Amino acid sequence: MNLLLTPRAFVRRHLLAPVLGPVLGLPSPLAGRTVLITGASSGIGEATALAVAARGATVLLVARRRPDLDRVVREVEEAGGTAYAYPCDLTDGQAVDALVETVLAEHGTVDMLVNNAGRSIRRSLEYSYDRMHDFERTMAVNYFGPVRLILGLMPAMRAQRFGHVVNVVTWGVQIKAPRFAAYIASKTALDTFARIAGRETYADNVTFTNLRLSLVRTDMISATDAYERSPAKTPEQAAALVVRALEDRPLTISTAVGNLSEVLNLAAPRLMDAIAATASRRFPDSPAARGASD
Ligand SMILES: NC(=O)c1ccc[n+]([C@@H]2O[C@H](COP(=O)([O-])OP(=O)(O)OC[C@H]3O[C@@H](n4cnc5c(N)ncnc54)[C@H](OP(=O)(O)O)[C@@H]3O)[C@@H](O)[C@H]2O)c1
C-alpha cells in the first residue's frame with residue numbers, strides 16, 4: 001500500500017482511471033496532453049505518434065531524419081491531429097539540451113515522454129573483441145540520450161505534479177539472449193534507471209513504465225535473416241502497447257515468455273545458460289555481423 005498518497009488519490013490513480021475510464025467511455029487520459037516521442041520517423045515511433053495524436057494529445061516528434069519527421073507530421077495533421085517535428089541526434093548531448101530548452105519554451109511542460117529511439121546490435125562476443133564502439137554507441141542512443149532527456153524534462157513534470165515516461169525496451173532484459181550483450185545491456189540500464197527514478201518521483205505523481213517488447217516487424221529487424229520467419233507484432237500493435245503504457249501507467253508491460261525467462265533465470269541460472277547456449281547455435285551471426293567494418 002502506498003503511504004505517500006491519500007487513499008482517495010491512490011484509488012483515483014490506480015483504480016478509477018485505468019479500470020473504469022474505458023468502461024464508462026471517458027475521454028482518453030491523453031486528450032489535451034503534450035507527449036514527446038523519440039524515434040518517431042519510422043517503425044514503432046511513427047505508429048505511436050499517429051495513435052497518441054488520435055487520442056487528442058499534441059505530439060512532439062524527435063529523430064534525426066527531418067524529411068521523415070515532416071512526413072509523419074503531415075500524416076498526423078491529415079488525420080486531424082496536432083504534431084511538431086524536432087530533428088535531433090540523441091547521442092549529441094548539446095543537441096539534447098537545446099531540444100529540451102526549445103520544447104519547454106514552445107510548449108511549456110512536456111506531460112509525457114516516450115523514449116522509443118533506439119539501435120540494436122546482434123553480434124557474438126567473438127566478433128566483438130575489437131569493437132568497443134558497438135558497446136559505446138548502443139549506450140549512447142539507448143541509455144545516455146534517454147537519461148539526458150529525462151533529466152531535462154523532469155523538473156517541469158515534478159513541478160506540475162504530473163508526468164509519465166515510457167521506455168521502449170525489450171523482452172531481452174528478462175531473457176538475456178546471447179549475441180545481444182551490447183543492445184540488451186544498454187536497454188537494461190534504462191530499465192533499471194526507470195525503476196529507481198520512479199521510486200523517487202512517485203510522490204510527485206511522476207511515473208515510469210518499462211515496455212519490454214517482443215519482436216516487431218520494422219526496419220530494425222530486417223537486417224537479421226533469423227527473424228524472417230519469426231512471429232512478430234506489427235508497429236501498430238506495438239504502438240497500442242505504448243498507448244496502454246501512457247494511459248494506465250503500469251510499472252512494466254512484459255510478455256509471458258519474458259516473465260517466465262526471468263523466473264527461470266533466477267531459479268535455475270546454469271540450466272538456462274545451457275539451454276540458451278544450445279539454442280543460440282541454431283541462429284548464427286549474420287554475414288554482416290561477422291564481417292562488418294562500420
Ligand atoms: N523491432 C523490434 O523487434 C523491437 C523489439 C523490442 C524493442 N524495440 C525497440 O523499439 C524502438 C523502436 O524501434 P523500431 O523497431 O521502430 O525501429 P526503427 O524503425 O529502426 O526506429 C528506430 C528509430 O530510432 C531513431 N533513432 C535512431 N538513432 C537515433 C539517434 N541517434 N537520435 C535520434 N533518433 C534516433 C530512428 O530515427 P532516425 O534514423 O531518423 O534518427 C528511428 O525513428 C527501439 O528502441 C528498439 O530498440 C524494437
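See the structure above.
As the structure is a computational prediction, the values presented were derived from the model and not from experiment.

Asks: Explain the nonpolar core to me, please; I cannot follow it from the model alone.
Replies: As a rule of thumb, nonpolar side chains are buried together in soluble globular proteins. Formed by 36 residues in total, the largest nonpolar core has its most connected members in Ile37, Val52, Leu61 and Leu246. It is helix α9 (residues 235-248) that contributes the most residues to this core, seven residues altogether. Beyond its immediate stretch of four places on either side in the chain, Leu61 contacts Ile37, Ala40, Ala49, Leu69, Val72, Val73, Ala83, Tyr84, Ala85 and Tyr86. Among the nonpolar cores identified, the runner-up in size contains 28 residues, and Leu149, Val165, Ala194 and Val206 belong to it.

Asks: Explanation requested: the side chain of Asn142 in the structure shown.
Replies: With respect to the helices, strands and loops of the structure, Asn142 is situated in helix α5 (residues 132-160). Classification of Asn142 by relative accessible area gives buried; the value is 0%. Separated by 3.0 Å, the side chains of Asn142 and Ser186 make a polar contact. Beyond its immediate stretch of four places on either side in the chain, Asn142 contacts Ala117, Gly118, Arg119, Tyr183, Ser186, Lys187 and Leu190.

Asks: Would you take a moment to explain the packing of helix α4 (residues 93-107) against α5 for this structure?
Replies: When two helices pack together, their arrangement is given by the angle between their axes and by how far apart the axes lie. In contact at an axis separation of 9 Å, α4 and α5 are set at 25° when each is read in the N-to-C sense. Accordingly, the angle class assigned to the pair α4 and α5 is roughly parallel. Like other packed secondary-structure pairs, α4 and α5 cross with a definite hand, here right-handed. For the pair formed by α4 and α5, the contact residues are Gly93, Val96, Asp97, Leu99, Val100, Val103 and Leu104 on the first element and Arg148, Leu149, Gly152, Leu153 and Ala156 on the second.

Asks: Sorry if this is basic, but what is going on with the site of the ligand here?
Replies: In the region of the ligand, 29 residues are neighbours, and Arg64, Asn116, Tyr183, Lys187 and Thr218 sit closest. At 2.7 Å from an oxygen atom of the ligand is found a main-chain nitrogen or oxygen belonging to Val216. For the ligand, whose free accessible area comes to 880 Å², the fraction covered by protein is 93%. Contributing elements (two or more residues each) for the shell around the ligand: α2 (43-54), β5 (163-170), α7 (181-201) and α8 (219-222). Considering every element that reaches the shell around the ligand, the biggest residue donor is β5, with three residues. Class assignment for the residues of the shell around the ligand results in 15 nonpolar, ten polar and four charged.

Thresholds, definitions, all that
Residue positions are given per chain, counting from 1 as you read along its sequence in written order. For a predicted model such as this one, the threshold for reporting local features is a pLDDT of at least 70, and the threshold for listing and counting side-chain atom pairs is 80 or more; totals across whole chains, interfaces and linings nevertheless cover every residue. No hydrogens and no water enter the side-chain calculation; it runs on all heavy atoms of the structure. By nonpolar core we mean a set of buried residues, namely Ala, Val, Leu, Ile, Met, Phe, Trp, Tyr and Cys, connected to one another through side-chain atoms within 4.5 Å. Remark: exposure states derive from per-residue accessible area (1.4 Å probe, protein chains only) relative to the maximum for the residue type, with buried under 20%, exposed over 50%, and partly exposed in between. Here a helix means four or more residues in a row that DSSP labels H or I, a strand means two or more in a row labelled E, and each is numbered from the N terminus. Every residue pair with non-hydrogen atoms within 4.5 Å of one another is taken to be in contact. We call two N or O atoms a polar contact when they sit within 3.5 Å, provided that within protein one can donate a hydrogen and the other can accept it, with sequence-adjacent residues counted only if both atoms are side-chain atoms. Comment: axis = line fitted to C-alpha atoms, over the contacting stretch for helices; angle = value between 0 and 180 degrees taken between N-to-C directions. Roughly parallel means an angle under 35 degrees; roughly antiparallel means over 145; roughly perpendicular covers 65 to 115; every other angle is labelled oblique. Take the far helix as the reference: if the near one is turned anticlockwise from it by less than a right angle, the crossing is left-handed, and if turned clockwise, right-handed. Whether a residue is near a molecule or strand depends on its heavy atoms: it is near if one of them lies within 4 Å of it. Surface accessibility in these figures is a Shrake-Rupley result with a 1.4 Å probe; residues are shielded only by whichever protein chains are displayed. The residue classification treats Ala, Val, Leu, Ile, Met, Phe, Trp, Tyr, Cys and Pro as nonpolar and Asp, Glu, Lys and Arg as charged. All others, Gly included, are polar.

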